[in-house]
Amino acid sequence: MKLGIVGLPNVGKSTLFNAITNAGAESANYPFCTIDPNVGVVAVPDYRLDKLSEMYHPKKTTPAVIEFVDIAGLVKGASRGEGLGNKFLANIRQTDAIVHVVRCFDDENVIHVEGSTDPIRDMDTIDLELILADAEMVDRRIDKAQKAAKGDKKFLHEVEVFSGLKNWLNDGKSARSYLSQVDEDDAALIATSELLSLKPVIYAANLDEDGFSDPEGVAYYRQVAERAASEGAQVIPVCAKLEAEIAQLEPEEKKMFLDDLGVPESGLDRLVKASYTLLGLISYLTSGEDECRAWTITKGTKAPQAAGKIHSDFERGFIRAEVISYDDLMACGSMAAAREKGLIRSEGKEYVVQDGDIILFRFNV
């Protein structure tokens, strides 16, 4: 899973990315790594994996991970190639979702590119650049379908669908919001176009330290939350400056720091969890003395395909999956006790894996 962090200059985008890179996944398999100068990998917090590790004392513990991409800075006119616009558009096209960082604090020492703090204006600026870039892509798609329709009339429907979308974009509205106006088949057709404003969004409202401890008391944050609600999007309060400090701390120190602030978890942890939910992802777990590990799959994945995440041979030679829910294992205290109580189930090829399932796959190749 790859998330693109976007935002105007001086909104805290790069500070947040630096916090992410410092908080890289602590594991033998997934140490923080820089895949490119602007890509970092971070662990998905999962208390279930922590508890399994306490139970098994494995040689290594491997969390699920998310890639964050620090997208090149955006300015007005990016859709026409202004600033680093072309690089921005190319990078964001490769992501699964967008984390849109919005400045929600005043600080005379941090100059805003537009001269003042105005979250809604900033959100509109980025949204408009994505929509303008999409309008060009849709024009090309319509042109291509019109040419194809000369030889095959079925493409006339594609022209009709994308012409409707073009009118929608021309009104300054995102492709994402257009999906509610069409049926499933047309929505699936639009999804083949890799439009930027089609990507799901999480808004990261970047607050100062005081604001982070009481987001609802900040007018800027409430503006972002209201806008996000109107789009059916999530907003996560963060303090990029604090996140950078927290990322340097050991787990116990981090907990004490957050307790002092009166917040249950860091903004980064909340952001990672929200990203998982946004993309319809869940984790199943494998456990043993060698390794305890979380595996990322899409909600609705069946057992053989989930096994294939470990190795293609597991899927090809799938026989059955021995499954127990995390809650049942914790209630029993051990696999042996769970087996005695008959709580370990044998599931076949049609079993849909659930979040938090602990699975042992049986296969033969």
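Residues numbered from 1 in each chain as written. Predicted model: local features only at pLDDT ≥ 70, side-chain atom pairs only at ≥ 80, totals over all residues. Heavy atoms only, no water.

### Considering the packing of aromatic side chains
Definition in use: The rule is short: rings of Phe, Tyr and Trp, with Trp giving its six-membered ring, pair when the centres are within 6.5 Å, and they are stacked under 30 degrees, edge-to-face over 60, tilted in between. Helical segments are the DSSP runs of H or I of at least four residues, strand segments are the runs of E of at least two, and each set is numbered from the N terminus. Relative accessible area decides the class of each residue, using a 1.4 Å probe on protein chains only: under 20% of the type maximum gives buried, over 50% gives exposed, and in between gives partly exposed.
Summed over all chains, the structure comprises six aromatic pairs. Both rings, one in Y284 and one in W295, keep their centres 6.5 Å apart while their planes meet at 15°; by these two values the pair is stacked. Here the residue Y284 occupies a position in strand 8 (residues 281–286), and W295 occupies one in strand 9 (residues 291–298), the gap between them amounting to 11 residues. Here the two residues Y284 and W295 agree in accessibility, since each one is buried.

### Digging into the confidence of the model for the protein
Atomic detail in the predicted coordinates should be set aside for any region of low pLDDT. Applicable threshold: Scored from 0 to 100, pLDDT reflects the predictor's confidence in each residue. The contact definition used throughout considers only heavy atoms, calling two residues in contact when any of these lie within 4.5 Å.
Here the protein averages 87 in pLDDT, and 90% of its residues register 70 or above. Helix 13 (residues 303–308) holds the highest mean pLDDT among the elements of the protein, 98, whereas helix 3 (residues 85–93) holds the lowest, 69. Per-residue pLDDT stays below 50 along residues 25–35; that stretch engages in 32 contacts with residues further than four places along the chain or on separate chains.

### Notes on the sheet that holds strand 5 (residues 97–103)
Formally: Strands are treated as partners if at least two bridges between them are detected by DSSP. Between N-to-C directions, angles span 0 to 180 degrees; the directions come from axes that are lines fitted to C-alpha atoms, helices contributing only their stretch in contact.
The strand order 2-4-1-5-6-7 describes an open sheet built from six strands, whose pairing is mixed. Each edge of the open sheet carries a strand with a single partner, namely strand 2 (39–43) and strand 7 (234–238). Between one strand axis and the next, the sheet turns through 30° on average, direction left out of account. One ladder, built from six bridges, connects strand 5 with strand 6 (residues 201–206); its direction is parallel. Within the sheet, the bridge partner assigned to R103 lies in strand 6 and is N206. Its contacts with the sheet put helix 9 (residues 219–231) on strand 5, strand 6 and strand 7, and the angle it makes with strand 7 is roughly 155°.

### Concerning the pairing of strand 8
Counting buried positions along strand 8 gives six out of six residues, so the element sits mostly inside the fold. Here strand 8 shows a buried face lined by L281, S283 and L285 and a second buried face lined by I282, Y284 and T286. Bridging between strand 8 and strand 9 involves six bridges; their strand directions are antiparallel. Within the sheet, the bridge partner assigned to L281 lies in strand 9 and is T298.

### Quick word on the nonpolar core
In plain terms, the rule: Nonpolar core, defined: a set of buried Ala, Val, Leu, Ile, Met, Phe, Trp, Tyr and Cys residues in which side-chain atoms within 4.5 Å join the residues together.
Of all hydrophobic cores here, the largest spans 61 residues; its most connected members are I66, F68 and Y203. Among residues more than four places away in sequence, those in contact with F68 are L3, I5, F17, I20, N38, V39, G40, V42, V99, L271 and V272. Membership of the second largest hydrophobic core comes to 17 residues, among which are M137, A145, V161 and W168.

### Concerning the pattern of salt bridges
Under the convention used in this document: We define a salt bridge as a contact between a side-chain nitrogen of Lys or Arg and a carboxyl oxygen of Asp or Glu at a distance within 4 Å.
Scanning the model with the defined rule gives 23 salt bridges in all. Taking the shortest distance from any N to any O, the salt bridge between R227 and D124 comes out at 2.7 Å. With R227 in helix 9 and D124 in helix 4 (residues 119–149), this pair connects stretches of sequence that are 103 residues apart. According to the relative accessible area criterion, D124 is partly exposed, its value standing at 37%.

### Some points on the state of the cysteines
The line we're drawing: Two cysteine sulfur atoms form a disulfide, by the criterion used here, when they sit within 2.5 Å.
Here the structure, examined in full by the defined rule, presents zero disulfides. No disulfide involves C104; its sulfur sits 11 Å from that of C239, the nearest cysteine. There is no disulfide at C292, and the cysteine sulfur nearest it, in C332, is 17 Å away.

### Quick look at helix 2 (residues 47–56)
The line we're drawing: By definition, the arc is the one covered by directions from the helix axis to the C-beta atoms.
Taken together, the buried positions of helix 2 are occupied by R48, L49, L52 and S53. All buried residues of helix 2 project into a common sector of 140° when viewed along the axis, lining one side. Among the exposed residues of helix 2, those pointing more than 90 degrees away from its buried face are Y47 and E54. Those residues of helix 2 hidden inside the fold are in contact with strand 3 (60–62), strand 8, strand 9, helix 15 (326–332) and strand 12 (357–363).

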